[in-house]
Amino acid sequence: MTQPDPNRPLRVVLGEFQTEDGFRRAVTTPVELIPAAGIADDQIAPLLTDADALISRRFTAAMAANAPRLKLIHTPGAGTNEIDFNAVPPGATVCNVYGHETSIAEYVFMTMLALNRDLLNMDRRFRQFDWSDRASGPQRDLHGRTLGIIGLGQIGAEVARRAKIFGMPVIAATRTPSPDRAAALRIDQLVGLDELDRVLANADIVVVAVPLGPATTGLIGSDELATMKRDAFLINVARGPVIDEDALYEALAARSIAGAALDVWYRYPDDKVHGAPSTRPFHELDNVILTPHIAGWTHGTFAHRWARINENLRRLATGEPLLGAVTGS
């Protein structure tokens, strides 16, 4: 990797959703910082003319129009689906960062427990002094219920580890299954994504944790949802479009699956306008927990991510190999 000019600090453009205060608190590598939150892609392009690094979850052809010095495009999270890899300038490296797997695994079990006990609806009923939940029969334990995990990266692995603490059998589907991986995570059955239906048909709770890409967009549609048990729950912490939007709404509205927790969506707000996260009224359903993509939004996650970004900026300045390099394949 070509080292930037050692006679000046790194010139870093800080893109959307990243606060200047957070950057300055965490990053100790000497840099010249250029805040660019809320700036349109074609307006960011001139800022990149002399930039060594861009920190942003987005990179487009419009942003790449004139970036001859750019050596690092660093996403502030794991997702790279908004990076146009065809537009990445020669000599630039794209890096991502994880650190959210613990937070998201905790979210998964928080919502799993709430769904399994119908916690939110029970709370609403009892606020009206309705004691009927005591008369409706005993509730189910998580212990002994089968957990299905779709995607066994960092998030899926953390969920699998915690499932064993709850006494849950685990079955999983991943792109590259192996007996060693299954043994290391104590997974009872591990199959490829081509056998996804086996997981869906046998799981009491399904956690979706695959990255979004051409092979996983619409991975779960109406046919796959129809494979699930009627009393099964689905938790999506991957990306919204991994599950077909209309098929998911119809399955939940018809209660052909028991319920869901959704933290990832089909529409997102810009910096000024908030709105519905879907074209379908998920918010009208009482068997869904809805959250605004905050499963990994914790102090621990951000501390880890800023530390990794700081380390990669240091490595960029010294010409050392970068951590977390990814390609578009």
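Residues numbered from 1 in each chain as written. Predicted model: local features only at pLDDT ≥ 70, side-chain atom pairs only at ≥ 80, totals over all residues. Heavy atoms only, no water.

Peer 1: Summarise the sheet that holds strand β1 (residues 10-14); cite the residues concerned and give the values.
Peer 2: Ordered by their spatial adjacency, 6 strands build an open sheet running β2-β1-β3-β4-β5-β13, and the pairing between neighbours is mixed. Edge positions in the open sheet fall to β2 (31-35) and β13 (325-326), since each of these has one partner strand only. As paired strands, β1 and strand β3 (residues 53-55) are joined by 3 bridges and run parallel to one another. Bridge pairing in β3 links V13 to L54. The strands touched by helix α10 (residues 299-318) within the sheet are β1, β2, β3, β4 (72-74) and β5 (93-95), with β4 carrying the most contacts at an inclination of about 180°. (Pairing = 2+ DSSP bridges. Helix = DSSP H or I, 4+ residues; strand = E, 2+ residues; numbered from the N terminus. Contact = heavy atoms within 4.5 Å. Axes fitted to C-alpha atoms, helices over the stretch in contact; angles between N-to-C directions.)

Peer 1: Any chance you could break down the environment of L234 for me, citing the residues and the numbers?
Peer 2: The topology assignment puts L234 in strand β10 (residues 233-236). In the structure, L234 is positioned 156 residues away from A78 in sequence and 22 Å away in space, judged by C-alpha atoms. What L234 contacts, discounting residues up to four positions off in sequence, is V206, V208, L225, M228, I243, I257, G259, A260, A261 and L262.

Peer 1: Outline the packing of helix α3 (residues 101-116) against helix α5 (residues 154-165), supporting the account with residue identities and numerical values.
Peer 2: In a packed pair of helices, the relevant descriptors are the angle between the two axes and the axis-to-axis distance. Their axes nearest at 8 Å, the elements α3 and α5 cross at an angle of 50°. Judged by the inter-axis angle, α3 sits oblique to α5. Taken as a pair, α3 and α5 cross one another with a handedness that is right-handed. Contacts between α3 and α5 involve E101, T102, I104, A105, V108 and F109 from the former and Q154, I155, E158, V159, R162 and A163 from the latter. Along the lines of polarity and charge, the residues of the contact of α3 with α5 split into 7 nonpolar, 2 polar and 3 charged. (Parallel < 35°, antiparallel > 145°, perpendicular 65-115°, else oblique. Left-handed = near helix turned anticlockwise from the far one by under 90°. Nonpolar A, V, L, I, M, F, W, Y, C, P; charged D, E, K, R; others polar.)

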